[in-house]
Amino acid sequence: MKPTHHFQAERIVAGYENKTVIHGVDIVIPSHQISVIIGSNGCGKSTLLKTLARLIKPASGTITLDGKPLNKISPKQLARVVGLLPQSPIVPEGITVTDLVGRGRFPHQSLFGNWSNKDYAAVAEAMETMKITEFANHNIDELSGGQRQRVWIAMALAQETDILFLDEPTTFLDITYQVEILDLLTDLNRKSGTTIVMVLHDINLSARYADHIVALHEGRLVAEGTPSEVVTSTLVKDIFGLDCTVIEDPVSGSPMVVPKGRYHVNV
Amino acid sequence: MSNSSGTGTGRLKSHVPNRFVLVMVLCLVLLALCVCASLAFGSRPLRFHELMDGLFRQDVDSYTANIVRKRISRTVFSLLCGAALGVSGALMQSVTRNPIADPSILGVNMGASLFVVCGIAFWSISTANQYIWLALAGSAITAVFVFGIGSMGRGGATPIKLVLAGAATSAALGSLITAIMIPRSYVMDQFRFWQVGSVGSASWSGIGTFVPFLLVGLLIGFLVAPALNALALGDDTATGLGVRTGKLRFIAALAGVLLCGATTALAGPIGFIGLLSTHVIRLILGPDLRFVIPMSAIAGAIILTIADVGGRLIGSPGELEVGVVTAFIGAPILIIVAMRSKVRSL
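Predicted model, so just to flag it, every value in this text is computed and none were measured.

Q: What's the story with the overall build of chain B in this structure? I'm lost.
A: Across its full length, chain B holds 14 helices and 0 strands. Taken from N to C terminus, the helices and strands of chain B fall in the order α-α-α-α-α-α-α-α-α-α-α-α-α-α. Within chain B, buried positions represent 50% of all 346 residues. Nonlocal contacts in chain B, meaning residues at least 24 apart in sequence, comprise 78% of its contacts between residues at least 6 apart.

Q: Looking at this structure, I do not really get the UniProt feature "domain: ABC transporter" (unreviewed entry) in chain A. What am I missing?
A: Look at the UniProt record and you will see "domain: ABC transporter" (unreviewed entry) annotated at residues 7-243 of chain A. Helix makes up 35% of residues 7-243 of chain A and strand 25%. Its end C-alpha atoms lie 35 Å apart.

Q: Would you take a moment to explain the sheet that holds strand 9 (residues 212-217) of chain A for this structure?
A: Within a sheet, adjacent strands bond to each other through the backbone by hydrogen bonds, running parallel or antiparallel. Residue and element names in this part refer to chain A. Taken in spatial order, the 6 strands of this open sheet run 6-7-8-3-9-10, and their pairing is mixed. Looking at which strands have only one partner, the edges of the open sheet turn out to be strand 6 (82-85) and strand 10 (220-225). Recorded for the sheet is a direction-independent mean angle of 15° between the axes of neighbouring strands. Along the sheet, helix 9 (residues 233-240) makes contact with strand 9 and strand 10, crossing strand 9 at roughly 40°.

Q: What is the right way to read the interface of chain B and chain A from this model?
A: How big an interface is tends to be stated in terms of accessible area lost as the parts join. Chain B puts 33 residues into the contact, and the matching count from chain A is 38 residues. Mapped by element, the contributors of at least two residues to the side of chain B that touches chain A are helix 1 (2-11), helix 9 (204-231) and helix 10 (235-240) of chain B. If you tally residues by element for the side of chain B that touches chain A, the top one is helix 1 of chain B, at 6 residues. Split into classes, the residues belonging to the side of chain B that touches chain A amount to 12 nonpolar, 14 polar and 7 charged.

Q: Just to check I follow, could you spell out the domain arrangement of chain A for this structure?
A: All names here are of chain A. Considered domain by domain, chain A is made up of domain 1 (1-81 + 161-233) and domain 2 (92-160). Using only C-alpha atoms to locate each centre, domain 1 and domain 2 end up separated by 23 Å. Taken together, the contact between domain 1 and domain 2 spans 14 residues of the former and 13 residues of the latter. Top element by residues in the side of domain 1 that touches domain 2 is helix 6 (residues 175-192). It accounts for 6 residues. Along the lines of polarity and charge, the residues of the side of domain 1 that touches domain 2 split into 9 nonpolar, 1 polar and 4 charged.

Q: What should I look at first to understand the nonpolar core in this one?
A: Grouped burial of nonpolar side chains is what soluble globular proteins tend to show. Of all hydrophobic cores here, the largest spans 171 residues; its most connected members are A:Val101, A:Ala154, B:Ala135 and B:Ala262. Here this core takes 15 residues from helix 13 (residues 289-315) of chain B, the largest share from any one element. Domain assignment of the residues forming this core places at least three in each of domain 1 (1-81 + 161-233) and domain 2 (92-160) of chain A. Residues in contact with A:Ala154, not counting those within four places in the same chain, are A:Val101, A:Ala126, A:Met127, A:Met130 and A:Ile132.

Q: Teacher, can you tell me more about helix 5 (residues 108-123) of chain B here?
A: One full turn of an α-helix is made of 3.6 residues, so residues set three or four places apart face in the same direction. Residues and elements named next belong to chain B. With 16 residues, helix 5 should cover 22 Å at 1.5 Å per step; its first-to-last C-alpha distance of 22 Å lies within 8% of that length. The buried fraction of helix 5 amounts to 12 of the 16 residues, a majority that puts the element mostly inside the structure. Looking only at helix 5, the buried set comprises Val108, Asn109, Met110, Gly111, Ala112, Ser113, Leu114, Phe115, Val116, Val117, Gly119 and Ile120.

Q: Can you walk me through the pairing of strand 3 (residues 34-38) of chain A in this structure?
A: All names here are of chain A. Burial of strand 3 is extensive: 5 of the 5 residues sit out of reach of the surface. Of the two faces of strand 3, both are covered, the one formed by Ile34, Val36 and Ile38 as well as the one formed by Ser35 and Ile37. Of the strand pairs in this sheet, strand 3 and strand 8 (residues 195-199) are connected by 4 bridges, and their pairing is parallel. Paired with isoleucine 37 across the strands is valine 199, a residue of strand 8. As judged from the 4 bridges shared by strand 3 and strand 9, these two strands associate in the parallel manner. Pairing of valine 36 across the sheet is with isoleucine 213, part of strand 9.

Q: What exactly am I supposed to notice about the packing of helix 5 of chain B against helix 11 (residues 245-267) of chain B here?
A: Between two packed helices, both the angle of their axes relative to each other and the distance between the axes serve to describe the pair. All names here are of chain B. It is at 9 Å that the axes of helix 5 and helix 11 come closest, and there the two elements cross at 50°. By the angle class used here, helix 5 and helix 11 are oblique. Helix-helix and strand crossings are classified by hand; for helix 5 and helix 11 the assignment is right-handed. Contact residues: Val108, Asn109, Ala112, Ser113 and Val116 in helix 5; Val257, Cys260, Gly261, Thr264 and Ala265 in helix 11. Looking at the contact of helix 5 with helix 11, its residues break down into 6 nonpolar, 4 polar and no charged.

Q: For this particular structure, what's the right way to read the sheet that holds strand 2 (residues 19-29) of chain A?
A: Residues and elements named next belong to chain A. Strand order in this open sheet of 4 strands is 2-1-4-5, and the pairing throughout is antiparallel. Strands with a single pairing partner mark the edges of an open sheet, and in this sheet they are strand 2 and strand 5 (68-69). Alignment of strand 1 (residues 7-16) against strand 4 (residues 60-65), held across 5 bridges, turns out to be antiparallel. Across the sheet, alanine 9 pairs through a bridge with isoleucine 63, a residue of strand 4.

Q: Looking at this structure, I do not really get unusual backbone geometry. What am I missing?
A: The phi torsion of most residues other than glycine is negative, and most of the peptide bonds are trans. Residues and elements named next belong to chain A. In this structure, arginine 11 is a non-glycine residue whose phi angle is positive, near 45°. Within the secondary structure, arginine 11 is located in strand 1. For arginine 11, a count of 12 C-beta atoms within 10 Å puts it in the exposed group. Within the chain, glutamate 218 stands out as a residue other than glycine whose phi angle is a positive 45°. Tracing the chain through its elements places glutamate 218 in the loop between strand 9 and strand 10. The class of glutamate 218 is partly exposed, set by 14 C-beta atoms lying within 10 Å.

Q: What exactly am I supposed to notice about the environment of B:Gly286 here?
A: You can see B:Gly286 is positioned in the loop between helix 12 (273-285) and helix 13. Spatially, the C-alpha atoms of B:Gly286 and B:Val16 are 10.0 Å apart, while their sequence positions differ by 270 residues. Beyond its immediate sequence surroundings of up to four residues, B:Gly286 is in contact with A:Gly94, A:Ile95, A:Thr96, A:Asp99 and B:Pro17.

Q: Is there a simple way to explain the confidence of the model for chain B in this structure?
A: Note: predicted coordinates in regions of low pLDDT should not be interpreted at a detailed level. All names here are of chain B. With 90% of its residues at a pLDDT of 70 or more, chain B shows a mean pLDDT of 83. Confidence drops under a pLDDT of 50 for residues 1-11, and excluding neighbours within four residues, the segment shows 17 contacts in the predicted structure. Across the predicted assembly, pTM comes out at 0.88 and ipTM at 0.92.

Rules behind the numbers
- Residues numbered from 1 in each chain as written.
- Chains lettered and ligands numbered in written order.
- Predicted model: local features only at pLDDT ≥ 70, side-chain atom pairs only at ≥ 80, totals over all residues.
- Helix = DSSP H or I, 4+ residues; strand = E, 2+ residues; numbered from the N terminus.
- Buried ≥ 20, exposed ≤ 12 C-beta atoms within 10 Å, placed from the backbone.
- Contact = placed C-beta atoms within 7 Å.
- UniProt positions renumbered as here; feature names shortened; annotations may be inferred.
- Pairing = 2+ DSSP bridges.
- Axes fitted to C-alpha atoms, helices over the stretch in contact; angles between N-to-C directions.
- Nonpolar A, V, L, I, M, F, W, Y, C, P; charged D, E, K, R; others polar.
- Domains from an automatic or database assignment.
- Core = buried A, V, L, I, M, F, W, Y, C linked by C-beta atoms within 7 Å.
- Expected span 1.5 Å × (residues − 1).
- Parallel < 35°, antiparallel > 145°, perpendicular 65-115°, else oblique.
- Left-handed = near helix turned anticlockwise from the far one by under 90°.
- pLDDT = per-residue confidence, 0-100.

And the structure:
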C-alpha cells in the first residue's frame with residue numbers, strides 16, 4: 001500500500017498570461033481515493049489540474065505536499081511522489097512501447113539513465129497492470145487509440161508515484177475503451193492505493209468511478225464531496241445550465257444525470 | 001512483484017535498441033575504413049610504401065611522407081568535426097522538437113561565419129582561439145534570433161517556420177558576408193577556403209584548441225540525453241517527470257551551439273552533417289536519445305570523412321571542399337525529411 005500524503009492547495013489563483021482562470025480555490029486531495037474534477041467547458045478544470053500538477057505556476061496561493069510547498073521540493077524528488085499524464089502528450093516517431101513506458105522511470109534514474117533491476121521491474125509491472133505486455137516490442141503507431149492510452153498510463157505508472165494526475169484520460173476514446181481505462185485506473189487505486197485525481201468529461205462516468213467529486217464553475221469551487229452529495233439536478237443546472245433529472249444508476253447505484261432537452265421530454 | 005520482475009527482466013532487455021551491438025560494430029568498422037581511406041586517397045595518389053613511411057617512420061622526410069602526415073591531422077580533424085556536428089544536430093533537434101533542426105539549416109553556422117569574417121576583416125584575427133570565440137558568439141546570437149523569429153505567431157516553432165527563418169537569416173547573413181569581403185581582396189584568400197567549409201587546412205595546434213570545446217559539448221550532450229528523452233514526450237509530460245524544461249533547453253542548446261560554433265570557427269560552415277547523421281541513426285536504432293546522441297557522433301564522423309575523401313577524389317587533381325559535398329548529399333535528404341515532417345513533428 002502506498003504511503004498516505006497530504007496534498008493541499010490554498011487560495012489558488014492561476015491562469016494564463018492575461019487571463020485569470022482560477023479565482024481562489026481551496027482543495028484537499030483525499031489520499032488513496034479517486035477524485036474527479038467536473039465542470040463545463042472553460043470552467044477551469046483543466047487549468048486547476050495543471051496548476052496542481054505544477055505545469056502552471058499559480059499567480060498566488062500555495063500548494064503543499066505533506067506541508068511542504070511544491071516549489072521548495074526538487075522537481076525530480078517531487079516527480080517520485082506526484083505523477084502526471086497530460087491531455088495530449090507527444091509520441092516520438094518510431095518509439096516502441098517498452099521505450100515509451102521506460103521513460104516514466106526518468107525521476108528514479110541516475111545521471112546516465114541506465115536501467116536498474118528496479119526499473120525493469122517497474123516497467124514490467126506497469127505494462128502488466130495496463131495489459132500491454134504483449135505489445136512490448138511494438139511500435140506505438142501500430143496500436144489503436146485505446147491501446148495507446150493504456151501505454152501512456154503505463155508510462156505514468158512506471159513512474160511509481162503515490163499520487164497520479166490525469167487530464168481527460170478518456171477523451172477521444174470509444175465508450176468501451178473509456179470504461180476499460182476507468183476500470184484499469186480503479187484496479188490501480190484499489191490494488192496499490194494510488195491517489196488518483198483526474199478531469200473527466202462524462203458526468204455519469206465521473207459519478208460512477210469517483211470516490212470524491214470536485215465541481216468547478218467559472219474558476220471557483222462550487223461543490224465537493226461524494227458523488228451522491230455533489231451530483232444533483234440543482235448543481236447540474238447551476239454549472240452546466242442544463243435541466244435534468246438525477247436518477248439512481250441501475251448498474252452502480254451512483255447518481256445518474258438524465259438530461260432534459262427541448263424535445264423528447266414526456267414527463 | 002518478485003514474480004513479475006523475474007519474468008520482466010528477461011523479456012524487457014529490449015530497451016537497448018535491437019541490433020545495437022551489431023550497429024555499433026558496423027559503425028566502428030566503417031569508421032576504421034574511413035580513416036584508412038582518408039589516409040590513403042587524395043588528389044596525389046600514393047604508393048603503399050610511401051603511405052607506410054609517412055605513417056610510421058618519423059625519420060623519412062620526403063614530399064610524400066609529409067603529404068601523409070598532413071592527411072593524418074586532416075583525418076583527425078574531420079572525425080572530430082563530424083562528431084561535433086552530428087551531436088550538435090541531435091541536440092538542436094531535441095531542443096526544438098523539430099526533425100530538421102541542423103546548424104546549417106537554422107543559419108547558426110552562417111552567424112558564426114559572419115562574426116569570423118568581421119574578425120578577419122576588421123580586427124585581423126588569426127589565432128584559432130580568436131576564431132572560436134568569435135564563432136561561438138556569432139552562432140549563439142544567430143540561434144537565439146532564428147528561434148525567436150521562428151516561434152513568433154501561431155503554433156510556436158513549427159518545422160516549416162524555423163526553416164524559413166533559418167533560410168532567410170542565412171541568406172541575409174550570406175550577403176552581409178559578401179558585402180564585407182568584396183572590397184577587401186587582401187583577406188579574400190584567408191577567407192575563401194574557410195568560407196566553403198574545408199577540413200584540409202587543419203593544423204595540430206588548431207585541433208588542440210578545438211578539442212576542449214568538443215569535449216565539453218559532447219559531455220553535456222551525453223549527460224542531458226535522458227532528460228531530452230523525457231522532453232521528447234512534450235513539455236507537460238517532461239515537467240511531470242521532474243524535468244526543468246527551460247533549464248534543460250538552455251543547457252542543451254548551449255552545448256549544440258558550442259559544438260557547431262567551434263567547428264565552424266576552424267572548418268568553416270559545413271552543412272547537413274547533423275541532419276544526415278541523426279536521421280540515419282534514428283532510422284536504424286529508433287528514437288532513444290541515450291543511443292542516438294553518441295551514435296550521431298560516430299555517424300557524423302563517418303559521413304564527414306567520407307564526404308572529405310569523396311571531395312578529394314572527385315576534385316582531383318585539386319579538391320572539392322567538403323562543405324560543397326555535404327550540401328550536395330544533404331539538400332535532397334532535407335527535402336525528404338521536411339516533407340515527411342508535415343505529418344509528424346518530433
